[in-house]
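Residue-level structural notes
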Amino acid sequence: MEFTEDQILRYSRHILLPEVGGEGQERLLNAKVVLVGAGGLGSPVGYYLAAAGVGTIGVIDNDRVEISNLQRQIAHNSSRIGVLKADSAKETYETLNHDVNVVTHKERLTSANIKNIIKDYDIVVDGSDNFPTRYLVNDACVMLKKTLISAAVFRFEGQLMSIYPGDGPCYRCLFEIPPPPGMVPSCQEAGILGAVTGVIGTLQATEVIKAILGIGEPLKGKLLLWNALDMSFRTVKVPKNRECPVCGEHPTIKELIDYEHFCSMSH
Amino acid sequence: MGVKVRIPTPLQKLTNGKAEVECSAKNIAELVDALEKDYPGIKERLSEGGKVRRFINIYVNDEDIRFVNKEETVLKDGDNISIVPAIAGGRLKNEVERLGT
Ligand SMILES: [Zn+2]
């Protein structure tokens, strides 16, 4: 691949890194990454992937921008209120970098559409804001053997883990089942410091870029826990669970469980 | 002496906002009981029928007790215990409403 003069300048700080170089930059330009959600986490992930020149970025989101999103969802802005987040993110990322093609998927993920949507991507980034989607994405990635960079935030805390199906634990190895509705904190507790999503989303983007380049140690078999209030970063071990219902030795989940089904099961 | 326990945000309501508490216990089952004595209500949030709930993990230093000796995992002075629940981010309002339907 021949870089244009503009590309050599645009990516010069990458190309200067021996771990990236021209070859790594080419790999980034050829990579296909899909974001589940263009919200608090998806916004910064997509921003840094677009800046890095990740050539194809899928955005799965069927929500519209609301003013209360703008405290943290930096892919959007005040002039985009009412616009579909996928379209808003596409405009932001493609304006930042014309090398990037943003593919919008303006639908809610379900067991019926998820495999078809994610099958053409190399890496899936989960920044979803609810448990049913989080488990659906994990199970689909295990079944299709897609690398999954999974993160979540709550108030002042964040969690991050990289999942390489067939080579390490999955999200269900970590937390076998989602909490039942009664155990989910109420809406009043569900605040989030905007910058916390920026920190965790940027860590998530870093894991994506490392995975594309094949450099460093992925956060595989480990869960990163970050707390903004005491600025503590900790990692704990996540062994592969032989009894995991989706990636264990005798999986009991062989078909995707979707939102409504999930609900009725938890009753 | 004893162990230090990191309390996750969703449970800090029960610990008067404290993110870390100290406790004295020989194993995880005792630890849960000791926490319940100081912070009533926490046992039910953490466990059901003597077993830690499946969407909450407890780590002794960086080891998940499920892969050590579960609720019987032995504690020693100076251990750092972390209670880590599954979290899922922002959309809890609609989430709760939708899950209720
Ligand atoms: Zn698993």
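Refer to the structure printed above.
The structure presented is a predicted model; accordingly, all values stated were derived computationally and were not measured.

With that settled, the discussion passes to the overall build of chain A. If you tally the helices and strands in chain A, you get 10 helices and eight strands. For chain A, whose C-alpha radius of gyration is 18 Å, the value lies close to the compact-globule estimate of 18 Å for 267 residues. In chain A, which comprises 267 residues, the proportion classed as buried is 47%.

Attention shifts here to the sheet that holds strand 1 (residues 3-6) of chain B. All names here are of chain B. If you trace the five strands from one edge of the open sheet to the other, you get 2-1-7-5-6, paired in mixed fashion. The two strands at the open ends of the sheet, each matched to only one other strand, are strand 2 (20-23) and strand 6 (63-64). Direction of pairing for strand 1 relative to strand 7 (residues 80-85): parallel, over a ladder of three bridges. Bridging from a neighbouring strand, K4 pairs with N80 of strand 7.

This paragraph deals with the packing of helix 4 (residues 42-52) of chain A against helix 5 (residues 85-96) of chain A. Residue and element names in this part refer to chain A. Where helix 4 contacts helix 5, the axes come no closer than 8 Å and their chain directions differ by 30°. When the interaxial angle is binned, helix 4 and helix 5 end up roughly parallel. For the pair helix 4 and helix 5, the sense of crossing is right-handed. Residues G46, Y47, A50 and A51 of helix 4 lie in contact with helix 5, whose contacting residues are A89, Y93 and L96.

Quick look at the nonpolar core now. Across soluble globular proteins, nonpolar side chains show a tendency to be buried alongside one another. All names here are of chain A. Core analysis: the biggest nonpolar cluster contains 94 residues, and V33, I57, V124, V125 and V208 have the highest contact counts within it. Ranked by the residues each element gives to this core, the list is headed by helix 9 (residues 194-213), at nine residues. Not counting the four nearest positions on each side in its chain, V125 is found in contact with V33, V34, L35, V36, V45, I149, Q204 and V208.

Criteria and cut-off values
The written sequence of each chain sets the order in which its residues are numbered from 1. As a convention, the first chain written is A and the first ligand written is 1, with the rest following in written order. The predicted origin of the model limits local features to residues at a pLDDT of at least 70 and limits the giving and counting of side-chain atom pairs to 80 or more, whereas totals for whole chains, interfaces and linings rest on all residues. Labels follow the DSSP assignment, with helices taken as runs of H or I lasting at least four residues and strands as runs of E lasting at least two, numbered in each case from the N terminus. Each radius of gyration is computed over the set of C-alpha atoms, and the globule rule expresses the reference value as 2.2 Å times the number of residues to the power 0.38. The burial label depends on the number of other C-beta atoms within 10 Å of a residue's C-beta. Counts of 20 or more mean buried, 12 or fewer mean exposed, and intermediate counts mean partly exposed, with C-beta atoms placed from the backbone. DSSP calls a pair of strands paired once it identifies at least 2 bridges connecting them. Throughout, an axis means a line fitted to C-alpha atoms (over the contacting stretch in the case of helices), and angles, computed between N-to-C directions, take values from 0 to 180 degrees. Here roughly perpendicular refers to angles of 65 to 115 degrees, roughly parallel to angles under 35, roughly antiparallel to angles over 145, and oblique to all remaining angles. The sense of a crossing depends on the near helix, which, turned anticlockwise from the far helix by less than a right angle, makes the crossing left-handed and, turned clockwise, makes it right-handed. Note on contacts: each residue gets a C-beta atom placed from the backbone, and two residues are in contact if those atoms are within 7 Å. For our purposes the nonpolar core covers buried Ala, Val, Leu, Ile, Met, Phe, Trp, Tyr and Cys residues that link as a set through C-beta atoms within 7 Å.

Take it as geometry only, folks, not as evidence of what the structure does.
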